[in-house]
Structures are given as C-alpha cells and as structure tokens.
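Observations on the model geometry
Each chain, letter by letter, is given below.
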Amino acid sequence: SRARNPLRCGSGFIENEHLRVEVNGSGLVTLIEKETGRRYPGLNCFEDTGDVGDEYNYSYPRRDRRIRLSRGARARVRLLERGPLRATLAVSLTLRLPRAAAADRQGRSRETVAFPVSCRVSLSPGSRFVSFETSVVNRASDHRFRVLFPTRTKTSTVYADSQFTIVRRNREAHDLRKFTIEHPASVAPMQRFVAAADARHGLAVMGYGLPEYELLRDGSLALTLLRCVGTLAGENLITRPGGKAGWHNDTPDAQCQ
C-alpha cells in the first residue's frame, strides 16, 4: 500500500505535525506553532546597510541607506519539493543595492546594482524547526547584508553558545561620547545558535558557520550573512574614533564579490 505523506504542502505553505510555514508574495515567512496557535510573522527578512568599516570593525556611514525587505516587495514563491521526507518552498527575489560607498565614504552611492537572492525554506516530518538555505549574487561593495527574525519577545537578554558553555548577554544602551577609542559593539559572537525568550514567546536561530548576531530593539534577532569591506585597517571610522587598528592594507577579496 502507498505510505501516507506526513507533510502537507501547497501554494505558499508547507506543514508538518508541529509547524505550519507560510510565505507571502513579498518573500516574508510566517511560522505558526500548531500546538499553541502562536504566530511568528515577518521571519527571514533581508536587510542591507552601508559598511565603511574594515576587517576589524563594522562602521556605518553618516548618511546611511537601509534597504529592508517589506510587504511591498515582489518575490517568486514556488513549491520545489513535496516528498515524504522534505517539503521545500523556493523563494526568489531581487534587491537593488547601492553599488559602493560614496566617494567621500560618508554615504552610499546613488548608482545601484541588482542583488539576486534565492532561498529554500524546508520542513521535515516531526521537525520543530524550519530550515533556510540562502544564496546571493553579490555585485555591491561596502555593505552589510543580514537576515532578521522577529521573535515577538519583550526582552533585552539572549543566550548564545560559546566554547563549552552557553553565554547570557544583555543588550545595553551606552553614552558613546564616553568611548573615545572604540565604541562597544552592538553585535556579538556565537558558535551555532542564539535564542531569545520571555514568558510567552521564544525563538532560536541556528546558523551553520555564521558567527555574528545582534538583538535589535524591536526584539528581532539579526544574523550577519555578509560583511563586505575593502581594507584591513581603515581610518575615520565612526565606531572607532581612536584611529587605525593597524597597518593599512587593501583587501579587495573581503568585498565578497
């Protein structure tokens, strides 16, 4: 007899015993926990900002331009796999990013380039997590590309795994005028996962080989996918007012073209 497929899937959704995953026409993901009915909308939201830092420090330009996937975006969503072991939705979209930093390094260029993004969203039988595999074609320079996962939590605390332990970190506000050498970093390291939770909601993000995250003020976990810079040790960085961290060397491959 033919085995029953434990997965349900259709136009813009995949589902197993525990989770339902919906992808809208903008490419944003809603995760529904079937046992509790809790919904986590706006997941897998791509964001791009300028980065005029170096291989030591992220530094934003004074006139930054933030590009973020929104409900006004247009994405192609199709059912790629519907087998008994995995259901997968393929999401394709194209962002327009500034080609590079402005000539004065204080902003982003007006000229833009296409930035194609392809993502596979997968679910397996019995799984309590969703898998995302993202590929991009990067033709832009001097930028940071991240993916955001709104957690719906009201917390300033996260837990991230480190060497042989799990570290608790708090998001803190600083008076940056007191830091004349280097600003405290808003990002932090992880080995394989970072998690945020409060009394009602909780969400963990696991990234294979991606060691940097940030807990944003709106409760979103931001996972860094690309940092594209062109120098080992730059100067005139907003986040490092104390000057260079070392010798200047051009590092064109660090633009991750």
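Everything below is about the structure printed above this text.
A brief report on the enclosed structure follows. Only a predicted model underlies this, so the values are computations on that prediction, with no experimental measurement involved.

Side note on the pairing of strand S12 (residues 143–150)
The buried count for S12 comes to seven of eight residues, which makes it a mostly enclosed element. Across six bridges, strand S6 (residues 45–50) lies against S12 in antiparallel orientation. Among the inter-strand pairings, glutamate 47 is bridged to a residue of S12, identified as arginine 146.

Some remarks on the nonpolar core
Counting 49 residues, the largest nonpolar core has Val21, Leu31, Leu95 and Val194 as the members making the most contacts within it. With near-sequence residues (within four places) excluded, valine 194 lies in contact with Val158, Tyr159, Ala160, Leu203, Ala204, Val205, Tyr213 and Leu221.

Focus on the sheet that holds strand S19 (residues 220–228)
On the basis of which strands lie adjacent, the open sheet formed by six strands has the order S7-S6-S12-S19-S18-S15 and antiparallel pairing. Each having just a single partner strand, strand S7 (67–68) and strand S15 (188–189) make up the two edges of the open sheet. Taken together, the two bridges between S6 and S7 define a ladder with antiparallel strand orientation. The residue of S7 that forms the bridge with glutamate 47 is arginine 68.

Re the side chain of threonine 239
With respect to the secondary-structure elements, threonine 239 resides in the segment after S19. Classification of threonine 239 as buried rests on a relative accessible area of 11%. There is a polar contact of 2.6 Å between the side chain of threonine 239 and the backbone oxygen of tyrosine 58. Non-local contacts of threonine 239, meaning those with residues more than four positions away in its chain, are made with Asn57, Tyr58, Ser59, Tyr60, Glu182 and His183.

Observations regarding the packing of aromatic side chains
Within the structure shown, the criterion is met by three aromatic pairs. With a centroid separation of 5.5 Å and 15° between ring planes, the pair formed by phenylalanine 46 and phenylalanine 145 is classed as stacked. One end of the pair, phenylalanine 46, is in strand S6; the other, phenylalanine 145, is in strand S12, with 99 residues separating them in the sequence. Of the residues examined, phenylalanine 46 reaches a relative accessible area of 2% and is grouped as buried. By relative accessible area, phenylalanine 145 is classed as buried at 1%. The interplanar angle of 65° and the centroid separation of 4.8 Å between the aromatic rings of phenylalanine 115 and phenylalanine 145 together place this pair among those described as edge-to-face. Of this pair, phenylalanine 115 sits in strand S10 (residues 112–123) while phenylalanine 145 is found in strand S12, placing the two residues 30 residues apart along the sequence. Comparing phenylalanine 115 with phenylalanine 145 shows no difference in burial state: the two are buried.

What counts, and where the lines are drawn
- Residues numbered from 1 in each chain as written.
- Predicted model: local features only at pLDDT ≥ 70, side-chain atom pairs only at ≥ 80, totals over all residues.
- Heavy atoms only, no water.
- Buried < 20%, exposed > 50% of the residue type's maximum accessible area, 1.4 Å probe, protein only.
- Helix = DSSP H or I, 4+ residues; strand = E, 2+ residues; numbered from the N terminus.
- Pairing = 2+ DSSP bridges.
- Core = buried A, V, L, I, M, F, W, Y, C linked by side-chain atoms within 4.5 Å.
- Contact = heavy atoms within 4.5 Å.
- Polar contact = N/O pair within 3.5 Å; in protein donor to acceptor, adjacent residues only side chain to side chain.
- Phe/Tyr/Trp six-rings, centres within 6.5 Å; stacked < 30°, edge-to-face > 60°.

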